[in-house]
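Examination of the molecular architecture
What follows is the residue order along each chain.
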Amino acid sequence: MPDEGSVDGGESDTARAHDAGQHNAGLPVSRIPPEILTAAFSILASIDSPCRYSKSLAWIAITHVCRRWRHITLNNPALWSTIILPFPLGARWAEAFFSRSQNADLTITKLIARYSPPIRQSELALVHVNLSRTRSLGICTDIKAGNSALSAPAPLLHTLDIDFRDSPPSLPDGLLSAPSGTPALQHLRVTTRGALPWTSPLLAHLVTLDIVFGKQPMYSTAGLVEVLDALQAMRNTLERLVVALKFTDVDGAAHSVIQMGKLRQMDLKGSAETASLLFSNIALPVDASIRCTIGPIADGRDIETSLPKIAACLGTLSNVKIALNNYDSCEFQHTFEVATWRDGNTESAPALAAAFVLDEDGSNEVEIIAGATAAAFSEHVKHLIVQSNIVHWPWEDALQHAHSLHDLVVEGLAALPFLSTLFDSNENFLPSLSTLAIHRFNFLMEGMGADRRYYWYSTELVRCLGNRARAGCALKVLDITGSGMDKKTVSELRQMPGMEVRWSEHFDRSRLR
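Residues numbered from 1 in each chain as written. Predicted model: local features only at pLDDT ≥ 70, side-chain atom pairs only at ≥ 80, totals over all residues. Heavy atoms only, no water.

So, on to the pairing of strand β5 (residues 187–191). Both strand β4 (residues 159–164) and β5 contribute to a ladder of 5 bridges, which runs parallel. From the neighbouring strand, D163 faces β5, where its bridge partner is T191. (Pairing = 2+ DSSP bridges. Helix = DSSP H or I, 4+ residues; strand = E, 2+ residues; numbered from the N terminus.)

Quick look at the structure:
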């Protein structure tokens, strides 16, 4: 009978399943301790997350291997405590993760994708319900939904990374109005096109604060006093600050210089005025790493007055990079980057490296900015690296006060105006120069005849270095690696007493710091 056949078949299936279970239990893999399997599953979960471009279950597939593995995974809440939102496999899987994580502390991360879909309303509701046990939260949402989801207390919340896509956004009112609801918050990253409420008590104990504006030249507008008040509150905790800032109001009561004792990394974007105002009101540790991006610069001469103010504030730091963005009439962007550091111990004078990335011909504005940039840092410079193709680089104006310059490296076409300046100047120009390296400008000489090349190198250079030596400004090391000099010229230079000449035809960029 069909019914009897069905019963017989069911009993047969049950028996086969029992036999299979008994067989599996006797296999060596089944004798692996649960602790070892749990550790292995945790590693797999960290490297094989579900992907929105594939229907594969990724690490979750291990729950379908056998009854024992499924039992171990489902009874290990920590395996399910890292949740991607929006969940690549769908909202039902997100709900399953929240459920299976039971009471474990949660790490909720944003789906990293170029075109990330918005987080689902059902998932935001799950975030709201489980916010009390969330330690790290990263979501991309609109301001209204985010405000609702984050309005609950979050006593364990340690890291918050929130991307507001709509405009004009701000941090959620509910979260900001109850700072006691987030007592553990130390790391805050906000992607926004609006203003950050610097007056919020939420900022008081942050270790890192990143305010991200994407690729658009957007800035967080704020008054100088409220920003300084916020930094004053964070002075004993803040280690990293990333912000694009524009001051709307610089008036207010005088503010004493703030000692940012723990700040080790700062990335500031804004105008030269904003940078000079901010840096003149805070004191940073000598080993702090600072990157300051200024621009776009409408007029090259504007930087001549602002940049020295910034240099005066940052001249004692170990590692400073300043990038200046300029747009010419054709909207072609030139980027000028200056990096300063201290050589050796903190008692030595700051060193300067400058990189100028721009077209070979340059322009009047470009030359002004290049000269002003170097001049701002030149007074106490001991070591200078210039990488530039400006054929009219204003060396004399830029380095007229560089009386402490000991080592100079010039790479690119800027070596030509440097040599011209060196030949035409007296010994008062760079009087302390001891090491000179000139690299990678030999292609400039290809259009010149052999007579002109020999005259330039051997006659002028030997004459100039000889005059400097007799005036007490002898060069100890001349490095002309990859400069295109031939062996005859090198031989003439090596006849000069007391000077070491380093030469080879090929230049190795790794030799530069």
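Among soluble globular proteins, nonpolar side chains are generally buried collectively. With 127 residues, the main nonpolar core has W198, L231, F279 and I322 as its most contacted residues. Per-element tally for this core: the top contributor is helix α11 (residues 364–377), with 7 residues. Apart from the residues within four sequence positions on either side, W198 is in contact with L203, L209, I211, S220, A222, E226, V227, A230, V243 and L245. Among the nonpolar cores identified, the runner-up in size contains 7 residues, and W341, A351, A353 and I385 belong to it. (Core = buried A, V, L, I, M, F, W, Y, C linked by side-chain atoms within 4.5 Å. Buried < 20%, exposed > 50% of the residue type's maximum accessible area, 1.4 Å probe, protein only. Contact = heavy atoms within 4.5 Å.)

Overall, the coordinates contain 9 salt bridges when judged by the stated rule. A salt bridge links D210 to R240; the shortest N-O distance between them is 2.6 Å. You can see D210 sitting in strand β6 (residues 208–212) and its partner R240 sitting in strand β8 (residues 240–249), a full 30 residues away along the chain. Among the residues examined, R240 registers a relative accessible area of 25% and is labelled partly exposed. A salt bridge links E337 to R291, with the nearest nitrogen and oxygen atoms 3.3 Å apart. With E337 in strand β14 (residues 333–342) and R291 in strand β12 (residues 289–297), this residue pair connects regions lying 46 residues apart in the sequence. Each of the salt bridges in this network shares a partner with another, and the network as a whole consists of K110, D161, R189, D210 and R240. (Salt bridge = Lys/Arg side-chain N within 4 Å of Asp/Glu carboxyl O.)

For I60, the location among the structural elements is in the loop between α2 (34–47) and α3 (67–74). Each residue touching I60, except ones within four places of it in the same chain, is listed here: P50, W80, L89, W93 and F97.

Here helix α13 (residues 415–424) lies mainly inside the structure; 8 of its 10 residues are buried. Considered for burial, the residues of α13 that qualify are A415, L416, P417, F418, L419, T421, L422 and F423.

The next thing to look at is the side chain of S101. Tracing the backbone shows S101 in the loop between α4 (91–100) and β2 (106–110). Look at S101 and you get buried, because its relative accessible area is 0%. Engagement of the side chain of S101 in a polar contact is seen with the backbone oxygen of F98, the distance being 2.8 Å. With sequence-adjacent residues up to four places away left out, S101 is seen in contact with P77, W80, S81, L106 and R133. (Polar contact = N/O pair within 3.5 Å; in protein donor to acceptor, adjacent residues only side chain to side chain.)

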